[in-house]
Amino acid sequence: KWNLCCCSNNPTLIQSGSIEALFWKTVSTQRLQAEVHVYPPAPFRPAATQCRLKLDTEAEGQRTMGLKVVVVTVLLVAALSYYIYTPLPDAIQEPWKLMVVDAGFRTAMNLATLKHQLGLDHYITSVRHTLEGFDSTVTALQGSESTAGVVPGVKVSDITFARIPVRVYEPPAGGEGHLRRGLMYLHGGGWAFGSGKMGSYDKMSRMISDELNTVVVSVEYRLFPDVHFPEPFLDCVAAAKHFLSAEVLAKYAIDPERVAVSGDSAGGNLAAAVAQEISTDDSMSVKFSVQALIYPALQALDFNTPSYVQNHNMAILSRQVMVQFWLQYLGADISVEPQLIANNHSAMQQLALTSELRSRLDWTTLLTQKFKKSYTPVVVERDSHGLLKKVPGFLDVRSSPLLAGPEVLAKCPRAYILTCEYDVLRDDGLMYARRLQDAGVSVASDYYEDGFHGCLSFTSWPMDFDVGKRALRGFVNWLQNNL
């Protein structure tokens, strides 16, 4: 009987009564070499010999802890990847970057909803604070690079137009000796988020002001939950009328025949509605000469157009989120969201939704086969909830410019409409372009096959996308040549 000891002492110091042995053992397919010192049983050991059975528990513990860290890390990475991952079309460039951006938005919304349920804060307010904090952080991280889009010569003033807060950008060239262009811009954000003062919008306004010698007016219209439709629309109309007044145009040396209105997403909705309102207002001596609509939301009666169905789970803006934005804007109960997604609110039994109104958003006739693809209309016979009576805003042309009659569209200014393939709002813009053309209005369209909703706002590090830069340049070039 022998005791085995892996002794830390120098073997040469062990008394001569010990015996040293070396053995090899193979475990599975890996050969393990171990040095073992073999000593006689206790009765035969010299008294000075201090041998004991010793396992290297410290090294073994370190290996076990290391293995646990690796396992936990792998699991966390897998869970994070699963959360971030969103199936995206092959045409989307830098898909993982878009997934990360989308995951950030979803996280902000989820945390804000949790705080709202706990009674800590309204979820819209919470998301706003998150977005503002992120915008400030990105600006700080960019450092000197953040000044790349800032033109020192552009004068920026935060004032009010008819009691509506606006930010005015005046070009460094000045207006001495010649008149300048004018542009009123309405930011996006689902009528609930955003500000023309935030990063991407601010940089774009400065760039347009400098490059095109344009006085840009960015309107800070009121947002949900403070107000519902029609308040944001009325804010924009009031600011527009003030901007187009002879006094203001003279003050900023703006050519009254070169004034545009523009906006993206929800801002595109407001821009289209404001353009219609001003165009049909006989009291206005100066009107907008062009309108530029960036992936605008133009109707809330059919959430099963080909683009809504194709992109129902698309990053940045899904169908469910867009429907929620509409319900909030129109002051409706969020719980009816499934009814809207099923098109129950536009059922055939709705007498207020006449055949004439239906034809104004009939994508089967307004879209080309390229965009209709193999999709079929979703038509419901009966609506047991009476949503159109409860929420009259669905049929109001001020909220849904696509419903405007041909006599109104015929008076609208020349248009530029930007659409993206991977955007639930693609067909809204395409149908509006077709209806404007049918009414005799000149329309220029930019369609991006690899574009997604909001891409115009993703032009700066770390959230820069090539399609966003191309879209911004196309928009600015059109203004250069047409305003």
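Look up: the structure comes first, before these words.
Cut-offs applied
Residues numbered from 1 in each chain as written. Predicted model: local features only at pLDDT ≥ 70, side-chain atom pairs only at ≥ 80, totals over all residues. Heavy atoms only, no water. Helix = DSSP H or I, 4+ residues; strand = E, 2+ residues; numbered from the N terminus. Expected span 1.5 Å × (residues − 1). Buried < 20%, exposed > 50% of the residue type's maximum accessible area, 1.4 Å probe, protein only. Patch = residues over 30% accessible without salt bridge, like charges linked within 9 Å, V, L, I, M, F, W, Y side chains within 5 Å. Areas by Shrake-Rupley, 256 points an atom, 1.4 Å probe, with all protein chains shown as cover. Salt bridge = Lys/Arg side-chain N within 4 Å of Asp/Glu carboxyl O. Core = buried A, V, L, I, M, F, W, Y, C linked by side-chain atoms within 4.5 Å. Contact = heavy atoms within 4.5 Å.

**Student:** Please provide a residue-by-residue account of helix α5 (residues 231-243), values included.
**Tutor:** A rise of 1.5 Å per residue sets the reference length of α5, with its 13 residues, at 18 Å; its end C-alpha atoms lie 18 Å apart and thus fit the reference within 8%. Within the sequence span of α5, burial applies to Pro-232, Phe-233, Asp-235, Cys-236, Val-237, Ala-239, Ala-240 and Phe-243.

**Student:** Help me get a handle on unusual backbone geometry, residues and values and all.
**Tutor:** For residues besides glycine, phi is generally negative; the peptide bonds are generally trans as well. Each neighbour pair has its own omega, and for Phe-224 with Pro-225 the value is 10°, a cis peptide bond. Within the fold, Pro-225 resides in the loop between β7 (214-219) and α5. Of note in the backbone geometry, Ile-316 takes a positive phi value of approximately 75° without being a glycine. Topologically, Ile-316 is positioned in the loop between α8 (306-310) and α9 (319-329). Owing to a relative accessible area of 18%, Ile-316 belongs among the buried residues under this scheme. Unusually for a residue other than glycine, Asn-343 sits at a positive phi of about 65°. Its place among the elements puts Asn-343 in the loop between α10 (337-341) and α11 (355-359). On the basis of relative accessible area, Asn-343 is assigned to the buried category, the value being 2%.

**Student:** So, a nonpolar patch on the surface: which residues are in play, and what are the values?
**Tutor:** Residues Leu-114, Leu-118 and Leu-120 make up a contiguous nonpolar surface patch of roughly 320 Å² in combined accessible area. When you line up the elements, Leu-114 lands in helix α2 (residues 95-117). Its relative accessible area of 43% is what places Leu-114 among the partly exposed residues.

**Student:** Residue-level account of the nonpolar core, with values.
**Tutor:** With 89 residues, the main nonpolar core has Met-322, Trp-326 and Tyr-432 as its most contacted residues. The leading source of residues in this core is helix α7 (residues 266-279), at 8 residues. Ignoring sequence-local partners within four residues, the contact set of Met-322 consists of Trp-191, Ala-297, Tyr-308, Leu-317, Val-424 and Leu-425. Core analysis: the next-biggest nonpolar cluster, separate from the first, contains 43 residues, Leu-88, Tyr-185, Tyr-422 and Phe-458 among them.

**Student:** A description of the pattern of salt bridges should follow, citing residues and the corresponding values.
**Tutor:** Tallied over the entire structure, the rule returns 20 salt bridges. In this structure, Glu-94 engages Lys-97 in a salt bridge whose closest nitrogen and oxygen atoms are separated by 3.1 Å. Relative accessible area serves as the criterion here: at 38%, Glu-94 is assigned to the partly exposed category. The class of Lys-97 is partly exposed, set by a relative accessible area of 23%. The salt bridge involving Glu-421 is made with Lys-373; its shortest N-O contact spans 2.7 Å. Here the residue Glu-421 occupies a position in strand β10 (residues 414-422), and Lys-373 occupies one in the loop between α13 (369-372) and α14 (387-390), the gap between them amounting to 48 residues. For Glu-421, a relative accessible area of 7% translates into the label buried. Owing to a relative accessible area of 32%, Lys-373 belongs among the partly exposed residues under this scheme. A single network of salt bridges, built from pairs that share partners, joins Glu-94, Lys-97, Asp-464 and Lys-469.

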